[in-house]
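# Chains, contacts and geometry: an overview
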Amino acid sequence: MASTLLEWKNKIVCVVTCDGRIIVGELAGHDQVQNLILQNSHERVYSIDVEVEQVPLGLYVIRGDNVALISDVEDKDWDDTVKAEPLNSVTQQTM
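The following paragraphs examine the structure supplied in this document.

What counts and how
Residues numbered from 1 in each chain as written. Predicted model: local features only at pLDDT ≥ 70, side-chain atom pairs only at ≥ 80, totals over all residues. Heavy atoms only, no water. Core = buried A, V, L, I, M, F, W, Y, C linked by side-chain atoms within 4.5 Å. Buried < 20%, exposed > 50% of the residue type's maximum accessible area, 1.4 Å probe, protein only. Helix = DSSP H or I, 4+ residues; strand = E, 2+ residues; numbered from the N terminus. Contact = heavy atoms within 4.5 Å.

### Let's talk about the nonpolar core
With 11 residues, the main nonpolar core is built from Leu5, Trp8, Val13, Val15, Ile23, Leu27, Leu36, Leu38, Ile62, Val67 and Ile70. Breaking this core down by element, the ones donating at least two residues are helix H1 (2-8), strand S1 (12-17), strand S2 (22-30), strand S3 (36-45) and strand S5 (67-72). In this structure, leucine 38 is in contact with Val13, Val15, Ile23, Gly25, Glu26, Leu27, Ala28, Gly58, Leu59, Tyr60 and Ile62, ignoring residues within four places of it in sequence. Counting residues in each nonpolar core, the second largest holds 7 residues, with Cys14, Ile22, Tyr46 and Val52 among its members.

### Points about the environment of asparagine 10
Mapped onto the fold, asparagine 10 is located in the loop between H1 and S1. Residues within four places of asparagine 10 in sequence aside, it is in contact with Glu26 and Leu27.

### Observations concerning unusual backbone geometry
At asparagine 10, a residue that is not glycine, the phi angle is positive and equals roughly 65°. Phi at asparagine 40 is positive, roughly 50°, even though this residue is not glycine. With respect to the helices and strands, the residue asparagine 40 is situated in strand S3.

Below you can see the structure in the form of structure tokens.
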């Protein structure tokens, strides 16, 4: 994963967190445990009733243990007219 993150440095990425948040921003840095630093970031909040809301966050740090998914994206990939239910939190089964 670390080599892929190096390729994405200074590019726009989308991060889905374990609590179901979707955060988009420019990957400014990361470390060996996948802590992420995003700049010019915003959270995309989905609702079934209204179109996507973008909440500005600015410089934002995401702990590595809270990252469920990370992907590179381009601004043209987004459709702000989508209405959808928010994502559920990620849960881990215990044995």
